[in-house]
Every structure is written in C-alpha cells, then in structure tokens.
Amino acid sequence: MKLPNFEYVAPSTPAEVVKVLAANRGEAKIIAGGQSLLPTMAFRLAQPSILVDVRKLDGLNKITIDHTGILLGARTRWCDIESSAALAQAHPLLVEAIRHVAHYQVRNRGTVGGSLAHADPASEMPCIAATCEAELRVLGPSGERRIGAADFFQGPLTTVLADDELILDVRLPPWPAQRKWAFGEFARRPGDFALAGVALFYDLDSAQRACNAHIGVAGACYFSRRLPSAEAALNGRRVDADTARAVGAVASGEADPTNDFHASAEYRKALVGTLLERALIAASSRP
C-alpha cells in the first residue's frame, strides 16, 4: 500500500527534534530505521502529518561499555549489537536476544530507540530492557529525564514517553562475567513475532544456589515485564531439572497473555512454562 501524505524534516540536533515535536504535538512521528512505523503507516494505523528523521543526530548510534554498564544510543541498529565482539562479552544475553529479531534485512535497519518507543510486547528489546532493569534517558521541552524500564512500558504499544520527547539512549547495568543466563522464544516461522519468549539471568551464592534471579517474558504478556513470583521460586534453589520444571510451572501461571488469532492464552501460558524450563537448563549448563 502507498503511504499517506506527510511532510519530512531531518534536524541536526536533539533539541531541534524536540522543538519540531512540540510544535506538532500528536501529529509528528520520529523515524529512525522505520521498521515498525512505515508498515503501520502503510496500513493507515498511523497517519502522522510530519516525519522527523533522526539520522543526522551525532552520537546516538554509539555503544559504550564501562564500569557503569552498557550504554546503547537510540540509533544503535540491531546489526551493530549482533556484530559487536565487545558486547558479546559484556552482555551476552542482549546479543543472543537481538539475534532473534526478525530477519537480517530488518536487523540492518531497526534501532534500539525505535523498538523501545514502539513497545510491542512481542519484541525482544523491550523484554531485555524490563528483565535487566534498564534505564532510558529521554529529552523533552523541559529537559532530560531518566525512566526505569519497569515504569516506561504501560501496555501494548503504550509507554510514558510524551509526544514531544525523544529517547536518547538506554543503559543496562554491569554484567558479572560468571552470571548464568538464557534467552528463548517460539514463533510459527523464523523471523515472525514470538508467540512467547523468555529472558532470564541469575547469579550463584557460595552454596551454588540461584540468587538475584531476573525473569522476563515477551509475547505472552500485556506489556514487557518481569515475573516476580517465578523469580522468587528460583531464588535460593540449586538449578536442576526439578527446579526448572517447578519454576516453569509458576511462570506459566503468572504470565498474562490474551487470546488472538495466532494462539490462545492457554497455549501461550504453556509455552512460557516450557520455554523457561528449557532456558533454565541451558543457563545452568553454561561454564
């Protein structure tokens, strides 16, 4: 389908982007990779009167790794993450999740900021942000503010981001080298949106029991979030087949999917349990 008519601007600074957004509040949309926005415009699900291209904004495509964690600029593409040897060491869970994003053509264009702003519950980046307690830095007319991922996502395709705000970057906390982790998802075809997905990590205490467990869900949820009951069921236990099965059962009951023409809520809940059980076994076997 042809796109609806729109005006186009490409500001050179974040402040200029915010100025355009504020002057056209509710009518302007930011475009980076366009992998979510353009299809929705083609189907007339979104009809902005002006597109604000952020391709000229310097510095928003940088990846920074230091003692404070991992900083991803909003214009960082999936292929930048996927091909980064430094990120594979600094945050392997992130890299593994991004390898599941759509197809390589999409990963060549799609961006971190675009995915977070779009907030599709089946997307990998919102799931990682929620699971890893990421912090987003956004810019608006009143200046910058920082928002935790737990407070950022409000519902399907819904966030606390205002119409006149721009995501600048997202920070993930430091990642211990000995941390156990896994990511898994299930889709009807490779590259399709996941019917369900799980991301998890945990550390080990002196008795080799799981602690600091973080378990996030994608697809089988109202919005990207953690599963605190499943985390509590994992903490303090040695991870073996029995533990994995028990925690998976808790997660299955805790997930809150809806029915749609792709799958029933019951099927998605069962998928969460199976995926988490498998992910825990995979995580426990990592050196």
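For the structure, check the block above.
For clarity, every value in this text was computed on a predicted model and none was experimentally measured.

**Student:** Would you mind going over helix α8 (residues 124-131) with me for this structure?
**Tutor:** For an α-helix, the turn length of 3.6 residues means that residues three or four places apart are oriented alike. Counting buried positions along α8 yields 8 of 8 residues, so the element is predominantly enclosed. Regarding α8, the residues found buried are Glu124, Met125, Pro126, Cys127, Ile128, Ala129, Ala130 and Thr131. Count one or two residues on from α8 and you reach Glu133, which has phi positive near 55°.

**Student:** Looking at this model, I keep getting lost on the pairing of strand β6 (residues 135-140). Mind explaining?
**Tutor:** Side-chain positions along a regular strand alternate between the two faces of the sheet. With respect to burial, β6 is a largely interior element, 5 of its 6 residues being buried. Bridging between β6 and strand β7 (residues 143-148) involves 6 bridges; their strand directions are antiparallel. Opposite Glu135, over in β7, you have Gly148 as the bridge partner. Linking β6 back to β7 in an antiparallel pair, the connection comprises 2 residues. Of the pairings in the sheet, the one linking β6 to strand β10 (residues 166-172) comprises 5 bridges and is antiparallel in character. Along β10, the bridge assignment pairs Leu136 with Val170.

**Student:** How do you make sense of the pattern of salt bridges when you look at a structure like this?
**Tutor:** Two side chains carrying opposite charge are able to pair once their charged atoms lie near each other. One pass over the structure, following the stated rule, counts 17 salt bridges. In this structure, Asp205 and Arg209 form a salt bridge, with 3.1 Å as the shortest nitrogen-oxygen distance. Looking at Asp205, the relative accessible area reads 23%, which means it is partly exposed. Here Arg225 makes a salt bridge to Asp256, at a shortest N to O gap of 3.7 Å.

**Student:** Just to check I follow, could you spell out the sheet that holds strand β2 (residues 28-31) for this structure?
**Tutor:** Hydrogen bonds between backbone atoms are what pair the strands of a sheet, whose relative direction is either parallel or antiparallel. With respect to topology, 3 strands assemble into an open sheet ordered β1-β3-β2, the strand pairing being parallel. Sheet topology places β1 (7-9) and β2 at the edges, where each strand pairs with a single neighbour. When the angles between neighbouring strand axes are averaged without regard to direction, this sheet yields 25°. For β1 and strand β3 (residues 50-53), the ladder comprises 3 bridges, and the chain directions are parallel.

**Student:** Quick question: what am I supposed to make of the sheet that holds strand β14 (residues 225-226) here?
**Tutor:** Pairing in this open sheet of 4 strands is antiparallel, and the strands run β11-β12-β13-β14 from one edge to the other. The open sheet terminates on both sides in strands that have one partner only, identified here as β11 (180-186) and β14. With respect to the sheet, α8 is in contact with β11, β12 (196-204), β13 (210-218) and β14, its orientation differing from that of β13 by roughly 155°.

**Student:** What should I look at first to understand the nonpolar core in this one?
**Tutor:** A general trend in soluble globular proteins is that nonpolar side chains are found buried together. Core analysis: the largest hydrophobic core is formed by 38 residues, its most contacted members being Leu72, Ile81, Leu93, Leu94, Leu116 and Met125. Looking at this core element by element, the count peaks at 5 residues for helix α5 (residues 92-98). Apart from the residues within four sequence positions on either side, Leu94 is in contact with Leu72, Ile81, Leu87, Met125, Ile128 and Leu172. Ala251, Ala255, Leu271 and Ala279 belong to the second-largest nonpolar core, a separate cluster that totals 28 residues.

Cut-offs applied
Residues numbered from 1 in each chain as written. Predicted model: local features only at pLDDT ≥ 70, side-chain atom pairs only at ≥ 80, totals over all residues. Heavy atoms only, no water. Buried < 20%, exposed > 50% of the residue type's maximum accessible area, 1.4 Å probe, protein only. Helix = DSSP H or I, 4+ residues; strand = E, 2+ residues; numbered from the N terminus. Pairing = 2+ DSSP bridges. Salt bridge = Lys/Arg side-chain N within 4 Å of Asp/Glu carboxyl O. Axes fitted to C-alpha atoms, helices over the stretch in contact; angles between N-to-C directions. Contact = heavy atoms within 4.5 Å. Core = buried A, V, L, I, M, F, W, Y, C linked by side-chain atoms within 4.5 Å.

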